[in-house]
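Coordinates in review
Here are the chains, one letter per residue:
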Amino acid sequence: MSIRKKNWLQVFGWVGLIYSTLGIVRPICEFLKKTTPFNFLMNVLMLIAILAVIMMCRTYFVIKKSSSIIFLVIWLGLLIFGVIKVEYPEERIHFLEYGLLGFLLVRALHFDWPDWRSLAGALVLGFCFGWIDEGIQEILPNRYYQWSDVWLNAAGTFVGVFLTFILNRERKIFSSSR
C-alpha cells in the first residue's frame, strides 16, 4: 500500500473513531463527573497533551528560525487561551481530537498539494468533518447540534494545522514519494 493511501486511511480511521464514539461519550462523561474530579482530570489531560507535543518538538525538531519560535509561542498561547475559554471540561477534547485530525489531513493532502493549499484544504476538510460530527449528534437521542461545537472543532483543526505548518518550516516532515 502506498504512503498516500496509508495517510488517507489514517484520516478516515480517525474520523471513524470520532464519529463512532459520539453515542457513548456523553454517558461516560456524565459517569466521570459523578465519580471523579472531572474538571481537574480534563485539565491534567490537556496539560499532558501539551507537554507531549512540546517534548516531541524538542526531540524531533531543532528549532532554528526565530520566527518559528515566535509561531510556537503564539500556537501555545492560542491553545491555552482556547482551553481556558471553553466552559465545559469535556469540550476541551475538541482541541485534541481535531488537532490530530488537522495534522493527519495536512499529511494526506500534501501528496497532491505540497504547498500552502494542503494547509488550507486541511482547514476546510476539518471544518466539514466537524460540521458532520455535529450533524450526526443531531440525530442521536442523547446528543444535540451546537454551532459552538462546530467552531470548537474548527479551532482544534486550526491548532493542529498551525503546529504542522510550524514544524514543517523547520524540517520537511512529509515524504513526497507517492
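Use the structure listed above.
Every chain is numbered independently, its residues counted from 1 as its sequence is written. Thresholds applied to this predicted model are a pLDDT of at least 70 for local features of residues and 80 or more for the giving and counting of side-chain atom pairs; totals over whole chains, interfaces and linings are not thresholded and use all residues. Side-chain numbers here rest on the full set of heavy atoms in the structure, without hydrogens or water.

Any two packed helices are characterised by the angle at which their axes cross and by the distance between the axes. Contact geometry for helix α5 (residues 93-109) and helix α7 (residues 147-170): axes closest at 6 Å, N-to-C directions at 50 degrees. On the basis of the axis angle, α5 is oblique to α7. Where α5 crosses over α7, the two elements pack in a sense that is right-handed. Contacts between α5 and α7 involve H94, F95, Y98, G99, G102, F103 and V106 from the former and D149, L152, N153, A155, G156, T157, V159, G160, V161 and T164 from the latter. When residues are sorted by character, Ala, Val, Leu, Ile, Met, Phe, Trp, Tyr, Cys and Pro go into the nonpolar class, Asp, Glu, Lys and Arg into the charged class, and all the rest, Gly among them, into the polar class. Here the residues of the contact of α5 with α7 sort into eight nonpolar, eight polar and one charged. Note on method: axes are straight lines fitted to C-alpha atoms, helices fitted across the in-contact stretch only, with angles between N-to-C directions ranging 0 to 180 degrees. A helix here means a DSSP run of H or I that spans at least four residues, while a strand means a run of E at least two residues long, and both kinds are numbered starting from the N terminus. Here the word oblique covers every angle except those under 35 degrees (roughly parallel), over 145 (roughly antiparallel) and from 65 to 115 (roughly perpendicular). Crossing handedness is read from the near helix: turned anticlockwise from the far helix by less than a right angle, it gives a left-handed crossing, and turned clockwise, a right-handed one. Residue contacts are defined here by distance: any two heavy atoms, one from each residue, within 4.5 Å place the two residues in contact.

Here S118 shows up in helix α6 (residues 116-139). Overall, S118 belongs to the buried group, its relative accessible area being 2%. A 3.5 Å cut-off defines polar contacts: any pair of N or O atoms within that distance qualifies, except that in protein one atom must be a possible hydrogen donor and the other a possible acceptor, and neighbouring residues in sequence count only when both atoms are side-chain atoms. There is a polar contact of 3.3 Å between the side chain of S118 and the backbone oxygen of W113. Engagement of the side chain of S118 in a polar contact is seen with the backbone oxygen of D115, the distance being 2.9 Å. Those residues in contact with S118 that lie beyond four places of it in its chain are V106, L109, H110 and W113. Exposure is judged per residue with a 1.4 Å probe applied to protein chains only, and the accessible area is read against the type maximum: over 50% gives exposed, under 20% gives buried, and values in between give partly exposed.

The subject of this paragraph is the side chain of E97. As for its placement among the helices and strands, E97 is situated in helix α5. Buried charge without a salt bridge: E97, with R143 as the nearest opposite-charge side chain at an N-O distance of 7.5 Å. Contact partners of E97, with chain neighbours within four places excluded, come to W14 and I18. We treat Lys and Arg as the positive residues and Asp and Glu as the negative residues; His and chain ends play no part in the count. Within this document, salt bridges are pairs made up of a side-chain nitrogen of Lys or Arg and a carboxyl oxygen of Asp or Glu, the two lying within 4 Å of each other.

So, on to the layout of surface pockets. Put simply, the largest pocket is a space of about 580 Å³. Lining the largest pocket are 28 residues, with V25, C29, E90, I93 and E97 positioned closest to its centre. Counting only elements with at least two residues in the lining of the largest pocket, the list comes to α1 (3-20), α2 (22-35), α3 (38-60), α5 and α6. The element that contributes the greatest number of residues to the lining of the largest pocket is α2, accounting for eight residues. Cavities and pockets are found on a 1 Å grid laid over the protein atoms alone: a cavity is a set of points where a 1.4 Å probe fits but cannot escape, a pocket is an open set with protein on both sides within 12 Å along at least five of seven lines, and a lining residue has an atom within 4 Å of such a point. Grid points are joined across faces, edges and corners, and a volume is the space filled by probe spheres set on the points.

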